[in-house]
Amino acid sequence: MEYDATTGSAAPEAKSYPHETVSSGGKDGKLRIKAPKVDVNPLAESITFPFSGRTAKNRFLKAPMTERLCRWNDILAGEDINARGYPTEEYTRLYERWGQGGIGVIVAGNVMLRYDAVEAFGNPILQDDHDNRTAAFRKASELAKKEGSLFVAQLSHPGRQGGAALNPNPVSASDVQLKIEWAGNKFNKPRALTVPEIKDVVKMWGQTAYLCQQSGFDGVQVHCAHGYLLAQFLASTTNKRTDDYGGDLTNRSRIIFEIIDEIKRRVNDPSFIICVKINSVEFQPGGQTPDDCKNLCLKMEEAGVDFVDLSGGTFEGRAFEHKKESTKARESYFIEFAEMIRPLLKKTKVYVTGGFRTASGMSSAISSGACDGVGLGRPLGAEPFLCKEILEGRVTGAIENLVPLPLNTRATGTQLQQVGLGDRLVSDWSDESEVQRWVEANEKETARKIELLPKVDSSGFPPLRAEVGFEYLR
């Protein structure tokens, strides 16, 4: 998810919580977050998922991010939208690198269900197999899994939260418009889905899950977080329905459990992983609450969900920063929610994504029983092999990030492009001069995008060749 709801800048994430840095020097990362050497065995332990029976080789999870590296249709050449979302060499190379990085579970980000309902230019899409795209996805899967990682596809539909230029006719639970704009982007007012259309959406999830299985994925993640379509059904702020899909939490979550049942029906393989990304909290009035999350997780265990990945926030309520003083020392933004939920679950495993930056913080989260696994997003954009190097004792903390908030997620997008292109260096955001180069490139790309609207011709991530970079292929 990209939370860059402004082109302005605030203090970097590095200023938002207490920590020290150490100088690494050379191409090892200019500054790293200082952390003690600890026993990392808790992170190295394998974990077996209760319903699929699949085993992840360690407790790390590569969190889904929006890579925006897939092929897109050329509108000027009259190319149909069903050319969108085809995996490129860059997409495949990125997942090959993460596959080499010693990660237990790799979750591919924002795999879209439809050509006309997308989060961004460059999203992967698996609506059908008219161009044999399952073979292209299978190549990425084989490389991601070559060193023993499990490979899971995050399935998503933007609902009202797709930019107007690519999603002129959005749908949602209700006709509540997302009334924010940035960098020329805006969101059209959605139309409420009819009940027959909801049934069709459920079938879409099953169809894409089936195509993922045919593409070599080990499972799918149902994206119920960050303000996308299923989160729009869950939140009373965006779900004003009075039928079986609105009202109390049972009704608002009905579509999710119908989707889980449909995935099982279409895939028909008990070893296929089904997991869910869910908001523990939305940080806005009327949004999903921790109690909602707790009750949903209990129902997901009954439905046979292997693990839940706890996150938080929406486009309207940013979450990828510390909201509470009590979480700062423990690194994870959502660790306290995990502690509330995990003791209630007898089988379903709990992962937490967001905020982890040191081996000590990650290992403590596991050994204390707060969660079963840790998800890493932006740190694995900066350092694709971070998990492996933590387990080997080579590093104890991630590279510092001095990119001003809330531009840090977009800056990670640039790093993903660099890895996908095969660059040996990834821009080092602990170097202020490299950050400034990126900020200037971002301003230039933003101005160019605004000039072109309503045409969209790029991911929006500013291209940059690293001058001060981290040599991850070392």
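Please read all numbers here as calculations on a predicted model, not as lab measurements.

The rules behind these values
Position numbers for residues count from 1 along each chain, tracking the sequence in the order it is written. Confidence filtering applies because this is a predicted model: local features only for residues at pLDDT of at least 70, side-chain atom pairs given and counted only at 80 or more, and all residues used for totals across whole chains, interfaces and linings. Remark: hydrogens and water are excluded; side-chain values derive from all non-hydrogen atoms of the structure. Labels follow the DSSP assignment, with helices taken as runs of H or I lasting at least four residues and strands as runs of E lasting at least two, numbered in each case from the N terminus. For every residue, the accessible area obtained with a 1.4 Å probe (protein chains only) is divided by the maximum for its type, and the residue is called buried under 20%, exposed over 50%, and partly exposed between those limits. How sure the predictor is of each residue is captured by pLDDT, a score from 0 to 100. When checking whether two residues touch, look at their non-hydrogen atoms; a contact exists if any pair is within 4.5 Å. By definition, a salt bridge exists where a carboxyl oxygen of Asp or Glu is found within 4 Å of a side-chain nitrogen of Lys or Arg. The pairing test for Phe, Tyr and Trp rings, Trp by its six-membered ring, is centres within 6.5 Å, and the orientation test on the planes gives stacked under 30 degrees, edge-to-face over 60, and tilted for anything in between. Each ring is checked for a lysine NZ or an arginine CZ that lies within 6 Å of its centre and within 35 degrees of its normal; such an atom marks a charge sitting over the ring.

Inspection of the secondary structure assignment puts Ser 253 in the loop between α6 (249-252) and α7 (254-267). Residue class for Ser 253 comes out buried when judged on its relative accessible area of 0%.

When pLDDT is averaged along the chain, the result is 90; 92% of the residues meet or exceed 70. The model gives residues 1-8 a pLDDT under 50, and that stretch makes 40 contacts with residues more than four places away or in other chains. Counting contacts from residues 313-330, a segment whose pLDDT is below 50, to residues more than four positions away or on other chains yields 73 contacts.

Our next topic: the pattern of salt bridges. What the rule picks out here adds up to 26 salt bridges. The partner of Arg 342 in a salt bridge is Asp 372, and the shortest N-O contact between them spans 2.6 Å. With Arg 342 in the loop between α10 (335-341) and β13 (349-353) and Asp 372 in the loop between α11 (359-367) and β14 (373-376), this residue pair connects regions lying 30 residues apart in the sequence. Under the relative-accessibility criterion, Asp 372 is labelled buried at 5%. Salt bridges sharing partners connect three or more residues here, namely Arg 54, Lys 145 and Asp 218.

Take the packing of aromatic side chains next. Scanning the entire structure with this criterion turns up 12 aromatic pairs. Between the aromatic rings of Phe 49 and Tyr 351, the centroid separation amounts to 6.4 Å while the plane-to-plane angle is 45°, which identifies the pairing as tilted. One end of the pair, Phe 49, is in the loop between β3 (47-48) and β4 (55-56); the other, Tyr 351, is in strand β13, and 302 residues separate them in sequence. One exposure class covers both Phe 49 and Tyr 351, and it is buried. Among the aromatic residues, those joined into a cluster by ring pairs are Tyr 91, Tyr 95, Trp 98, Phe 137, Phe 151 and Phe 217. Its guanidinium or amino end placed over the ring of Trp 98, Lys 62 lies 4.3 Å from that ring's centre, counting from NZ or CZ. In this structure, Arg 266 packs its charged tip against the face of Tyr 210, placed 4.9 Å from the ring centre.

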